[in-house]
Amino acid sequence: MTTVISCRNVTKRYQQHEILKQVDLEVSSGEILLLFAPSGEGKTTLLNLICGLTLPSSGSIEILGTELSKLSEDERARFRASSISLAHQGTYLIPWLSVDDNLALSHIPGSIFSWAETVYDALGIRSFADIQVNRLSGGQRRRVCMQRALQTGAPVLLLDEPTNGLDHQLTDVVCQAIQDRAAAGSAVILASHDPSVRALAHSSVTIRDRKLMPCWPPPI
């Protein structure tokens, strides 16, 4: 399999505070990696580094063979838009736009348009598609956030607690969609405490004392 995500000796500091230390990580095309870490251990920092929202203090991160630190901020934004989908725990939707207007901001490739429409319907989004985001419940916003991340068909998919606020039926829809994207070749990193999501993983790592280490099977 082709390596899509490669982190080599990555360390991240904020002033004198070290968040991550000498992280080595590889994720291949079609692989689902579980990132299991308690709150405050650097999980979100690592996801932000991989998608180029922030840069490491030392070490290197390559996505699809492109080293992120060699790109300008604008170049990283363009690269992220074309190659990486990130869904944080927060939804980060534009509150005064409708659901469909928010979704229209992320491109749906023609090759997966029918699949994306199927997920859209399975998540029940059509029933509130014209409503402004600031009028939605937390669970509805989460569905929109997941649709936005999944519909791009990006080769890198980073999902932080993707099923938060979803019932069992909607969780099943999201889990199947994640498996579909991996089967289509996306490299997927899941950060989750949901057993349904964790069951999808091919491998698992945890963060302990600021370092990344293997963790299989993932802890319950």
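Up top is the structure.
Here the structure is a predicted model, which means the values were calculated and not measured.

Calculation notes
Residues numbered from 1 in each chain as written. Predicted model: local features only at pLDDT ≥ 70, side-chain atom pairs only at ≥ 80, totals over all residues. Heavy atoms only, no water. Helix = DSSP H or I, 4+ residues; strand = E, 2+ residues; numbered from the N terminus. Expected span 1.5 Å × (residues − 1). Contact = heavy atoms within 4.5 Å. Polar contact = N/O pair within 3.5 Å; in protein donor to acceptor, adjacent residues only side chain to side chain. Core = buried A, V, L, I, M, F, W, Y, C linked by side-chain atoms within 4.5 Å. Buried < 20%, exposed > 50% of the residue type's maximum accessible area, 1.4 Å probe, protein only. Pairing = 2+ DSSP bridges. Axes fitted to C-alpha atoms, helices over the stretch in contact; angles between N-to-C directions.

Student: What is the right way to read helix H6 (residues 168-183) from this model?
Tutor: One turn of the α-helix equals 3.6 residues, which is why residues spaced by three or four share an orientation. Here H6 spans 22 Å end to end across 16 residues, near enough to the 22 Å set by a 1.5 Å rise per residue. Buried positions along H6 lie against strand S3 (32-36), helix H4 (113-122), helix H5 (138-150), strand S7 (156-160), strand S8 (187-191) and helix H7 (195-198). Between a side-chain oxygen at the N-terminus of H6 and the backbone nitrogen of glutamine 169 the separation is 3.2 Å; the capping residue is aspartate 167. Positive backbone phi, approximately 115°, marks glycine 185, located one or two places after H6.

Student: Explain the nonpolar core to me, please; I cannot follow it from the model alone.
Tutor: Note that soluble globular proteins tend to have their nonpolar side chains buried in a common cluster. Membership of the largest hydrophobic core comes to 38 residues, with the highest contact counts inside it found for Val99, Leu159, Ile178 and Leu190. Those elements that place two or more of their residues in this core are S3, helix H3 (99-104), H4, H5, S7, H6 and S8. It is H6 that provides the largest number of residues to this core, a total of 7 residues.

Student: Looking at this model, I keep getting lost on the environment of asparagine 164. Mind explaining?
Tutor: Mapped onto the secondary structure, asparagine 164 falls in the loop between S7 and H6. Apart from residues no more than four positions distant in its own chain, asparagine 164 is found in contact with Gln89 and Arg142.

Student: How do you make sense of the sheet that holds S8 when you look at a structure like this?
Tutor: Paired through their backbone hydrogen bonds, the strands of a sheet run either parallel or antiparallel. Read across the sheet, 6 strands follow the order S6-S7-S8-S3-S9-S10 without closing on themselves; strand pairing throughout is mixed. Each edge of the open sheet carries a strand with a single partner, namely strand S6 (84-87) and strand S10 (211-214). Averaged over all pairs of adjacent strands, the angle between strand axes in this sheet comes to 20°, irrespective of strand direction. The pairing of S7 with S8 spans 5 bridges and is parallel. When the bridges of S8 are listed, leucine 159 appears paired with leucine 190. Seen against the sheet, helix H2 (residues 73-83) touches S6 and S7 and runs at an angle of roughly 85° to S6.

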